[in-house]
Number of protein chains: 2
Amino acid sequence: MRQEIPYKIYLEEQEMPKQWYNVRADMKKKPAPILNPGTLKPVTLEELSGIFCEELAKQELDDVTACFDIPDEILNFYKMYRPSPLVRAYCLEKKLDTPAHIYYKFEGNNTSGSHKLNSAIAQAYYAKKQGLKGVTTETGAGQWGTALSMACAYLDLDCQVYMVKCSYEQKPFRREVMRTYGAHVTPSPSMSTEVGRKINAEFPGTTGSLGCAISEAVEAAMGQEGYRYVLGSVLTQVLLHQSVIGLEAKAALDKYNIKADTIIGCAGGGSNLGGLISPFVGQMLKGEADYEIIAVEPASCPSLTRGVYAYDYCDTGKVCPLAKMYTLGSGFIPSASHAGGLRYHGMSSVVSELYDQGYLKARSVEQTEVFKAAQTFAKVEGILPAPESSHAIKVAIDEALKCRETKEEKNIVFGLTGTGYFDMVAYQRFNDGEMADYIPTEEELKKSFATLPKC
Amino acid sequence: MRQEIPYKIYLEEQEMPKQWYNVRADMKKKPAPILNPGTLKPVTLEELSGIFCEELAKQELDDVTACFDIPDEILNFYKMYRPSPLVRAYCLEKKLDTPAHIYYKFEGNNTSGSHKLNSAIAQAYYAKKQGLKGVTTETGAGQWGTALSMACAYLDLDCQVYMVKCSYEQKPFRREVMRTYGAHVTPSPSMSTEVGRKINAEFPGTTGSLGCAISEAVEAAMGQEGYRYVLGSVLTQVLLHQSVIGLEAKAALDKYNIKADTIIGCAGGGSNLGGLISPFVGQMLKGEADYEIIAVEPASCPSLTRGVYAYDYCDTGKVCPLAKMYTLGSGFIPSASHAGGLRYHGMSSVVSELYDQGYLKARSVEQTEVFKAAQTFAKVEGILPAPESSHAIKVAIDEALKCRETKEEKNIVFGLTGTGYFDMVAYQRFNDGEMADYIPTEEELKKSFATLPKC
């Protein structure tokens, strides 16, 4: 007989992970190195330290060290909002009438509203430790910008956020949260950087793009003494910090002797998915356990399910290192009907390599189905999920319904990365029956694949 | 030496309260009875059961029973988001350089964003149990409407919300959260009720008021078979349900042998304050302990600090029972510059009576100071607080700073009722330096006191 599982499994403070886990250390075949966009040779630590803080550049390039101590200052910050609960979705199980046991690791119980804070505080901490004055970054939907603003406010570090202009205007509340935390938020393209002025001159009235905002943030960091650029996803350093999600989830499962069968995460750049699955994949790599792992991506931006595995630019401005990844080509832009995040053209090189080696499956889902799943979940489990997270909910529900057919008592674990309070425009479209689905045609993908570099 | 206190004290599920506590049972001098607005005689159970569910009407009138069992169905719902954490504000203490120990009971970690859900699920449950089809209510800022929508979605009960028209238009996201949970949200005044049509005819283009929305909700409940009206604050039944806040807080403090010295809560209608202080006041009433209790209200709506203790109308439409309370008169309307909730003209009759008997103090604060405190708190403790909750933060900070002077190691506990994600318009005003303060003049109060009934 199974032990009585509470609705929410909270670890005690002393049970919280004290180290991050670097899954690359246990991979026999490592992810391909990132390349200098100028020389097309592997980036050196020195080169990378011009863009990132030294410690973060080291973490980015280190594929040997399995465990990194989490500094005490970061642990103390984590204690303000972590450990996050692993929730047993009793009400959802009942609603679905499934014998499956559904668990979700909920990362939305902090003001930034998502898991992004786990890496934001780490990146801000190393910048502060290096004696920097501040950091620059870009933000699209705003989760990352909010998280970084919070971390910088805590450490009294200057924070400059280039926010894609259409988001800046359409999501004024996101902007105001950042400002309340003392961040300087600039709509991108701006007139304060060379690249911004150039784009404004070339495309008058443009409402911006993530690629342009990245370029502006990098230029701003380079142009100011004591500043570095930071990023909220895709990078392997980010996956390292986000491993805290998976480590906590695993500790909570172990505490109640629960063996996960299926682990599900939404996948955009891979920060959440990579963090969630790290320790589980680590066991698989060492032959200690086996799991079914499913990455869920939007059908409108299907890098894993329809992309190619190749070196590509990480940004449209082509100033950042190149990475080998599953990609749609840096020229890919998701349809305007696509709501929320998960709109990056590529996928973390670690997640890409693990996918290529067969450690995880990928599935793409259409957004109307995703919002239906989100609503079902919200009604019975209380939490209003972010559109991103709802991709994982959709597949968790599908898997639980399969168990109803097969009568399997599987343990399904999924990552609930955040809340949807700042995504109500998308919910409104859904509530009004005006949400559209979009799947790129073969022709469109062919066009964006043409933007891949020849290397 | 004190025991090591974690950042967040979480009770185990089995430590959660199984009963609500009715503080009236232990009061020697009871709060004055509510009166039928027609006869000006104490309302009977029968009369009240026409408006409220029978069980809730019973709870409303019962000032003898100290403990009410929380039904299992409600306990299970509570388990989805409760117990809420009692947080030790280590970072705030450090920032203030105070020897005081500051704790806050955080009720914002649920999608409704506040403590309102504690009573919403109870009221929805009793409605469902009575076999009703649905409930009607009004909402201003939207916290209560959201909470009730969530509770009704969970129980598959129809939910009709009359939302003050200016909020409906200015807070579309609040409205969409309710709609996502399946609620029917109508801007008030509407054309679907007699009182709505009358007001629309009399004041064309009016953007509505809480008083009008209450009248519409009551009329809608009366006019539909199988419907009752529900309310999120002021009522003693609401304070009963909200006692779960105080009971949990007390259990968490007891678990670590912490004796609170000062307990602080924001006060509008009294739902949070009354719930938070109930068990502590219970000890005071029985002579078992002594606490300094401080109710904090906006200087722009100062019912306790500048109101009179008298029978008054609970709604501007004068359809609800009269209650004896500290009140500014039902004709009082806070200045347009006042942000957030805490804008009710009166105060829960239980809180009023306890205040009259000297069990608590009251203090009023101006909103610019409140938002400054909110920002300080957000930067070091991570959480972006609701404007309402920030009234308590302001006074908690003041008290902690006093301790710095006196070198007292006091234990200060305050209620952090909710999050401010849907209040970013007010934060923006603050960020832009455009927030105004307002204190009603003696002349203005005199005018609104003139709206008091002669009884």
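Whatever comes next refers back to the structure up there.
What you see is a predicted model; the values in this text were computed from it and never measured. (Residues numbered from 1 in each chain as written. Chains lettered and ligands numbered in written order. Predicted model: local features only at pLDDT ≥ 70, side-chain atom pairs only at ≥ 80, totals over all residues. Heavy atoms only, no water.)

**Student:** So, the overall build of chain A: which residues are in play, and what are the values?
**Tutor:** Scanning chain A for helices and strands turns up 18 helices and 15 strands. Here the C-alpha radius of gyration of chain A, 21 Å, is about what a compact globule of 455 residues would show, namely 23 Å. Seen along its three principal axes, the alpha-carbon backbone of chain A occupies a region of about 65 × 50 × 45 Å. Buried residues in chain A amount to 66% of all 455 residues. For chain A, restricting intrachain contacts to residue pairs at least 6 apart in sequence, the fraction spanning at least 24 positions comes to 76%. Where the 48 positive side-chain charges of chain A centre and where its 55 negative ones centre are 2 Å apart. (Helix = DSSP H or I, 4+ residues; strand = E, 2+ residues; numbered from the N terminus. Rg over C-alpha atoms; globule rule 2.2 N^0.38 Å. Buried < 20%, exposed > 50% of the residue type's maximum accessible area, 1.4 Å probe, protein only. Contact = heavy atoms within 4.5 Å. Lys, Arg positive; Asp, Glu negative; His and termini not counted. Charge placed at Lys NZ, Arg CZ, Asp CG, Glu CD.)

**Student:** Before we move on, could you go through the sheet that holds strand β9 (residues 227–229) of chain B and cite the residues and values that matter?
**Tutor:** What holds strands together in a sheet is hydrogen bonding between their backbones, with the strands either parallel or antiparallel. Residue and element names in this part refer to chain B. Strand order in the open sheet formed by four strands is β8-β7-β6-β9, with parallel pairing between adjacent strands. In the strand order of this sheet, the two ends are held by β8 (184–188) and β9, each with one partner. Adjacent strand axes in the sheet meet at a mean angle of 25° when their direction is disregarded. Relative to β8, strand β7 (residues 158–164) is paired through five bridges, and the arrangement is parallel. Note that in β8 the partner of Val161 across the bridge is Val185. (Pairing = 2+ DSSP bridges. Axes fitted to C-alpha atoms, helices over the stretch in contact; angles between N-to-C directions.)

**Student:** Could you give an account of the interface of chain A and chain B, naming the residues involved and the relevant values?
**Tutor:** Contact residues are listed per partner, giving 43 residues for chain A and 43 residues for chain B. Carbon and sulfur atoms make up 57% of the surface buried where chain A meets chain B, a total of about 4100 Å² over both sides. At the junction of chain A and chain B, the tally comes to two salt bridges. When the shortest N-O distance is used, the salt bridge between B:Asp432 and A:Arg179 registers 2.8 Å. Along the contact surface separating chain A from chain B lie 23 residue pairs in polar contact (both at pLDDT 80 or more). If you list the elements that add at least two residues to the side of chain A that touches chain B, you get α3 (72–81), α6 (143–155), α8 (172–180), α15 (367–381) and α17 (424–431) of chain A. Per element, the largest residue contribution to the side of chain A that touches chain B is six residues, and it comes from α8(A). The class makeup of the residues in the side of chain A that touches chain B is 22 nonpolar, ten polar and eleven charged. (Buried area = accessible area lost by both parts, 1.4 Å probe. Salt bridge = Lys/Arg side-chain N within 4 Å of Asp/Glu carboxyl O. Polar contact = N/O pair within 3.5 Å; in protein donor to acceptor, adjacent residues only side chain to side chain. Nonpolar A, V, L, I, M, F, W, Y, C, P; charged D, E, K, R; others polar.)

**Student:** Go over unusual backbone geometry with me, naming the residues and quoting the values.
**Tutor:** Going from A:Arg82 to A:Pro83, the amide bond is cis rather than trans, its omega being -10°. Residue position: A:Pro83 is located in the loop between α3 and β4 (86–88). The phi dihedral of A:Leu342 is positive, around 55°, even though this residue is not glycine. One non-glycine residue, B:Asn257, adopts positive backbone phi at about 55°. For B:Asn257, the position within the fold is in the loop between α11 (236–255) and β10 (262–266). Judged by its relative accessible area of 68%, B:Asn257 falls in the exposed class.

**Student:** Hey, could you go over the environment of B:Phe377 for me, with residue numbers and the actual values?
**Tutor:** All names here are of chain B. Mapped onto the elements of the fold, Phe377 is located in helix α15 (residues 367–381). Separated by 16 residues in the primary sequence, Phe377 and Ile393 have C-alpha atoms spaced 7.6 Å apart. Excluding its chain neighbours within four sequence positions, the residues that come into contact with Phe377 are Leu92, Tyr104, Gly382, Ile383, Pro385, Ile393, Phe414 and Leu416.

**Student:** Give a detailed account of the side chain of B:Ser112, specifying residues and quantitative values.
**Tutor:** Relative to the helices and strands, B:Ser112 is located in the loop between β5 (101–106) and α5 (117–129). Not counting the four nearest positions on each side in its chain, B:Ser112 is found in contact with B:Leu117, B:Gln143, B:Thr146, B:Ala147, B:Met150 and B:Arg174.

**Student:** Give a detailed account of empty space enclosed by the protein, specifying residues and quantitative values.
**Tutor:** For the coordinates displayed, the defined rule picks out ten cavities of 30 Å³ or more. In this structure, the largest cavity occupies an estimated 290 Å³ of space. Along its surface, the largest cavity is lined by 31 residues, and A:Phe106, A:Asn109, A:Ile383, B:Asn109 and B:Asn110 are the ones closest to its centre. Among the elements that line the lining of the largest cavity, the one with the most residues is helix α3 (residues 72–81) of chain B, at three residues. When the residues that make up the lining of the largest cavity are grouped by side-chain class, the tally is 17 nonpolar, twelve polar and two charged. Counting residues per element, the ones that place at least two in the lining of the second largest cavity are α3 of chain A together with β5 of chain B. Among the elements that make up the lining of the second largest cavity, the one with the highest residue count is α3(A) (three residues). Here the residues of the lining of the second largest cavity are counted per class, giving 15 nonpolar, seven polar and three charged. (1 Å grid on protein atoms, 1.4 Å probe; cavity = no way out; pocket = protein on both sides within 12 Å on 5 of 7 lines; lining within 4 Å. Points joined across faces, edges and corners; volume = space filled by probe spheres on them.)

**Student:** Summarise the pattern of salt bridges; cite the residues concerned and give the values.
**Tutor:** Residues and elements named next belong to chain A. Scanning the entire structure with this criterion turns up 38 salt bridges over all chains. Taking the shortest distance from any N to any O, the salt bridge between Glu107 and Arg82 comes out at 2.7 Å. Of this pair, Glu107 sits in the loop between β5 (101–106) and α5 (117–129) while Arg82 sits in the loop between α3 and β4, and the two are 25 residues apart along the sequence. Here the two residues Glu107 and Arg82 agree in accessibility, since each one is buried.

**Student:** I'd like to hear about the side chain of B:Asn118, residue by residue, with values.
**Tutor:** Residue and element names in this part refer to chain B. In this fold, Asn118 is placed in helix α5. Classification of Asn118 as buried rests on a relative accessible area of 0%. Excluding residues that lie within four positions of it along the chain, Asn118 makes contacts with Tyr78, Tyr81, Arg82, Glu107, His241, Gln242, Val244 and Ile245.

**Student:** Please set out the relation of the copies chain A and chain B residue by residue, giving values where relevant.
**Tutor:** Screw-axis analysis of chain A against chain B gives a translation of 0.0 Å along the axis, an RMSD of 0.0 Å, and a rotation angle of 180°. As the rotation angle and translation indicate, the two copies are arranged about a two-fold axis. The rotation axis passes nearest to the C-alpha of A:Asn109 in chain A, at a distance of 3.1 Å. In this assembly, 100% of the residues forming the interface of chain A have copies in chain B that are likewise at the interface, indicating an isologous arrangement. (Least-squares fit on C-alpha atoms with pLDDT ≥ 70 in both.)

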